[in-house]
Amino acid sequence: NAGVTQTPKFQVLKTGQSMTLQCAQDMNHNSMYWYRQDPGMGLRLIYYSASEGTTDKGEVPNGYNVSRLNKREFSLRLESAAPSQTSVYFCASSRGEGGGANVLTFGAGSRLTVL
Amino acid sequence: RKEVEQDPGPFNVPEGATVAFNCTYSNSASQSFFWYRQDCRKEPKLLMSVYSSGNEDGRFTAQLNRASQYISLLIRDSKLSDSATYLCVVPLGGGGNKLTFGTGTQLKVEL
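Right, let's walk through the structure included here. (Residues numbered from 1 in each chain as written. Chains lettered and ligands numbered in written order. Predicted model: local features only at pLDDT ≥ 70, side-chain atom pairs only at ≥ 80, totals over all residues. Heavy atoms only, no water.)

## Structural notes on the overall build of chain B
Along its length, chain B carries zero helices and eleven strands. Ordered by position from N to C terminus, the α and β elements of chain B give β-β-β-β-β-β-β-β-β-β-β. Dimensions of chain B along its principal axes, counting C-alpha atoms only, are 45 × 30 × 25 Å. Put simply, 56% of the contacts in chain B that link residues at least 6 apart link residues at least 24 apart. When the accessible surface of chain B is totalled, it reaches about 5400 Å², and 46% of it is carbon and sulfur. (Helix = DSSP H or I, 4+ residues; strand = E, 2+ residues; numbered from the N terminus. Contact = heavy atoms within 4.5 Å. Areas by Shrake-Rupley, 256 points an atom, 1.4 Å probe, with all protein chains shown as cover.)

Put into structure tokens, the structure is as follows:
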């Protein structure tokens, strides 16, 4: 029972490099999310996708792009990484409707360091 | 006022103690609330949902005070394994897709 799977778990980038964080869920959830977590800041929403085919900005979208590839997969891309994007990134999913619509299931996290 | 505020702690309590955390929120239209638990260097995991009538699950009780716009989490008979950071989660606006997390309250249960 995999739940939400994120890759890679760790990544070190140089300033200006690009990379894509991958996320997949096997719970048939409608909604998917990308958060970043920094010390003292809590989790902040970067982008979310309420359903397949839609994406919306969250609290801190600048410097990121997302793609909801299909119902299972939601990727986060950093086009030109900056040191300020050093963080732990969490992907999450939720049913998005019905009972427990907003209950989030998280992936294990991706630790990104930008030098 | 921040959208969701929590006392960061740490709360250091002896095993067996009762401890309570509060979380205040600014959006009076918020309908459903959650407490998540996060262990060090791990992902957050749902602890409890909080509904109008409150919620109890074993040693954990969550309550909602709409008038004062806060939710609370009470832990009775604390165990060493309860040591973690407790995150308050509140939906933004009228919809449920944007969930705002508090910065978390750290609990350390000691022998």
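## As for the overall build of chain A
If you tally the helices and strands in chain A, you get zero helices and eleven strands. Taken from N to C terminus, the helices and strands of chain A fall in the order β-β-β-β-β-β-β-β-β-β-β. On C-alpha atoms alone, chain A measures out to a radius of gyration of 13 Å, which is about the 13 Å that the 2.2 N^0.38 rule sets for 115 residues. Principal axes of the C-alpha set define a box for chain A whose edges measure 45 × 30 × 25 Å. When burial is assessed residue by residue, chain A has 48% of its 115 residues classed as buried. Sequence-distant contacts in chain A: of pairs separated by 6 or more residues, those separated by 24 or more amount to 54%. Per element, the accessible surface of chain A, about 5200 Å² overall, is 48% carbon and sulfur. (Rg over C-alpha atoms; globule rule 2.2 N^0.38 Å. Buried < 20%, exposed > 50% of the residue type's maximum accessible area, 1.4 Å probe, protein only.)

## Digging into the pairing of strand β1 (residues 4-7) of chain A
Every other side chain in a regular strand lies on the same face of the sheet, so the side chains alternate between the two faces. Residues and elements named next belong to chain A. Of the two faces of β1, the one lined by Val4 and Gln6 is fully buried and the one lined by Thr5 and Thr7 carries no buried residue. As defined by bridge partners, β1 adjoins strand β3 (residues 19-25) across four bridges and the pair is classed as antiparallel. Across the sheet, the residue bridging to glutamine 6 is cysteine 23, located in β3. (Pairing = 2+ DSSP bridges.)

## Remarks on the interface of chain B and chain A
Listed as interface residues are 18 residues of chain B and, on the opposing side, 20 residues of chain A. When chain B packs against chain A, close to 1600 Å² is buried across both sides, 56% of that on carbon and sulfur atoms. The tally of links between chain B and chain A comes to zero salt bridges. Elements supplying a minimum of two residues to the side of chain B that touches chain A: β4 (33-38), β5 (45-50) and β10 (99-101) of chain B. In terms of residue count, the dominant contributor to the side of chain B that touches chain A is β4 of chain B (three residues). (Buried area = accessible area lost by both parts, 1.4 Å probe. Salt bridge = Lys/Arg side-chain N within 4 Å of Asp/Glu carboxyl O.)

## Points about the sheet that holds β1 of chain A
Residues and elements named next belong to chain A. Across the sheet, four strands lie side by side as β1-β3-β8-β7; this open sheet has antiparallel pairing. Edge strands, defined here as strands with exactly one partner in the open sheet, are β1 and β7 (64-68). Each strand of the sheet is rotated relative to its neighbour by a mean of 15°, with strand direction disregarded. In this sheet, strand β8 (residues 74-78) lies alongside β3 in antiparallel orientation, the contact comprising three bridges. Bridged to methionine 19 within β8 is leucine 78. (Axes fitted to C-alpha atoms, helices over the stretch in contact; angles between N-to-C directions.)

## Remarks on the sheet that holds strand β8 (residues 70-75) of chain B
Residues and elements named next belong to chain B. Taken in spatial order, the five strands line up as β1-β3-β8-β7-β6 in an open sheet, and their pairing is antiparallel. Strands with a single pairing partner mark the edges of an open sheet, and in this sheet they are β1 (4-6) and β6 (55-57). When strand polarity is set aside, the average angle formed by the axes of neighbouring strands in this sheet is 15°. Two elements, strand β7 (residues 60-65) and β8, share six bridges in a ladder whose sense is antiparallel. Its bridge partner being in β8, alanine 62 is matched across the sheet by leucine 73.

## Examining the pairing of β8 of chain A
Summarising burial for β8 of chain A: four of the five residues are buried, a large majority. Here β7 of chain A folds back onto β8 of chain A in antiparallel fashion, the turn holding five residues.

## Section: the state of the cysteines
Counting across every chain of the model gives two disulfides over all chains. Between the sulfur atoms of cysteine 23 of chain A and its disulfide mate cysteine 91 of chain A the distance is 1.9 Å. Between cysteine 23 of chain A and cysteine 91 of chain A the sulfur-sulfur dihedral comes to about -75°; the bridge is accordingly left-handed. You can see cysteine 23 of chain A sitting in strand β3 and its partner cysteine 91 of chain A sitting in strand β9 (residues 87-94), a full 68 residues away along the chain. The disulfide partner of cysteine 23 of chain B is cysteine 88 of chain B, and the gap between their sulfur atoms is 1.9 Å. Negative torsions about the S-S bond denote left-handed disulfides, and the value of about -70° found for cysteine 23 of chain B with cysteine 88 of chain B makes this one left-handed. Residue cysteine 23 of chain B is located in strand β3 (residues 19-25), and its partner cysteine 88 of chain B is located in strand β9 (residues 84-91); the two are separated by 65 residues in the primary sequence. For the pair cysteine 23 of chain B and cysteine 88 of chain B, one class covers both residues: buried. (Disulfide = S-S within 2.5 Å.)

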